[in-house]
Amino acid sequence: MIRYQKRIRLLPFLWFNISKGGFSVTVGCRYIKLNVGRRGVWLSGSLVGTGLSVRKKISIRKNKDA
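Here the structure is a predicted model, which means the values were calculated and not measured.

Trainee: What is the right way to look at the overall build of the protein chain in this model?
Mentor: A tally of regular secondary structure across the protein chain gives zero helices and six strands. Tracing the protein chain from N to C terminus, the helices and strands come up as β-β-β-β-β-β. By the compact-globule yardstick of 11 Å for 66 residues, the protein chain is too spread out, its C-alpha radius of gyration being 14 Å. Overall, the C-alpha framework of the protein chain stretches about 45 × 30 × 30 Å when taken along its three principal axes. In the protein chain, which comprises 66 residues, the share counted as buried stands at 12%. Summed over all atoms, the accessible surface of the protein chain reaches about 6100 Å², with 61% contributed by carbon and sulfur.

What follows is the structure, encoded as structure tokens:
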């Protein structure tokens, strides 16, 4: 299986990510990032240099009345 992934830095805190499965946008810095893509919205954070990190999916509520 061949994987393809490319990250394009648009600004110091903004990346455009391209892969075989689609594309996403990442906003953040070394310590905390927010990624929005086909699989939803993810928040990730890390303690740089320690190897410790966490990643959590953020649920977006949709208004059914609209």
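Picking up after the structure, the text goes on.
Trainee: How do you make sense of the sheet that holds strand 3 (residues 22-28) when you look at a structure like this?
Mentor: Pairing between the strands of a sheet comes from backbone hydrogen bonds, and it takes one of two forms, parallel or antiparallel. Pairing within the open sheet is antiparallel, and its six strands lie in the order 1-2-3-4-5-6. Two strands in the sheet have a free side with no partner beyond their single neighbour: strand 1 (5-11) and strand 6 (52-58). Averaged over all neighbouring strand pairs, the angle between strand axes comes to 20°, with direction disregarded. Pairing between strand 3 and strand 4 (residues 32-37): five bridges, direction antiparallel. Pairing of Val-27 across the sheet is with Leu-34, part of strand 4.

Trainee: It is not clear to me how the layout of surface pockets should be interpreted in this structure. Could you clarify?
Mentor: In this approach, a probe sized like a water molecule rolls over the atoms, and the result shows the empty space that is left. Put simply, the largest pocket is a space of about 700 Å³. Counting residues per element, the ones that place at least two in the lining of the largest pocket are strand 1, strand 2 (14-19), strand 3, strand 4 and strand 5 (40-47). Counted by class, the lining of the largest pocket contains seven nonpolar, eleven polar and seven charged residues.

Trainee: Got a minute to help me understand the environment of Thr-26 in this structure?
Mentor: Within the fold, Thr-26 resides in strand 3. Residue classification places Thr-26 among the buried residues on the basis of a relative accessible area of 5%. There is a polar contact of 2.6 Å between the side chain of Thr-26 and the side chain of Asn-35.

Trainee: Sorry if this is basic, but what is going on with the side chain of Ser-24 here?
Mentor: Among the secondary structure elements, Ser-24 is positioned in strand 3. For Ser-24, a relative accessible area of 13% translates into the label buried. A distance of 3.3 Å separates the side chain of Ser-24 from the side chain of Asn-35, its partner in a polar contact. Non-local contacts of Ser-24, meaning those with residues more than four positions away in its chain, are made with Trp-15, Phe-16, Asn-17, Asn-35, Val-36 and Gly-37.

Conventions used here
Residues numbered from 1 in each chain as written. Predicted model: local features only at pLDDT ≥ 70, side-chain atom pairs only at ≥ 80, totals over all residues. Heavy atoms only, no water. Helix = DSSP H or I, 4+ residues; strand = E, 2+ residues; numbered from the N terminus. Rg over C-alpha atoms; globule rule 2.2 N^0.38 Å. Buried < 20%, exposed > 50% of the residue type's maximum accessible area, 1.4 Å probe, protein only. Areas by Shrake-Rupley, 256 points an atom, 1.4 Å probe, with all protein chains shown as cover. Pairing = 2+ DSSP bridges. Axes fitted to C-alpha atoms, helices over the stretch in contact; angles between N-to-C directions. 1 Å grid on protein atoms, 1.4 Å probe; cavity = no way out; pocket = protein on both sides within 12 Å on 5 of 7 lines; lining within 4 Å. Points joined across faces, edges and corners; volume = space filled by probe spheres on them. Nonpolar A, V, L, I, M, F, W, Y, C, P; charged D, E, K, R; others polar. Polar contact = N/O pair within 3.5 Å; in protein donor to acceptor, adjacent residues only side chain to side chain. Contact = heavy atoms within 4.5 Å.

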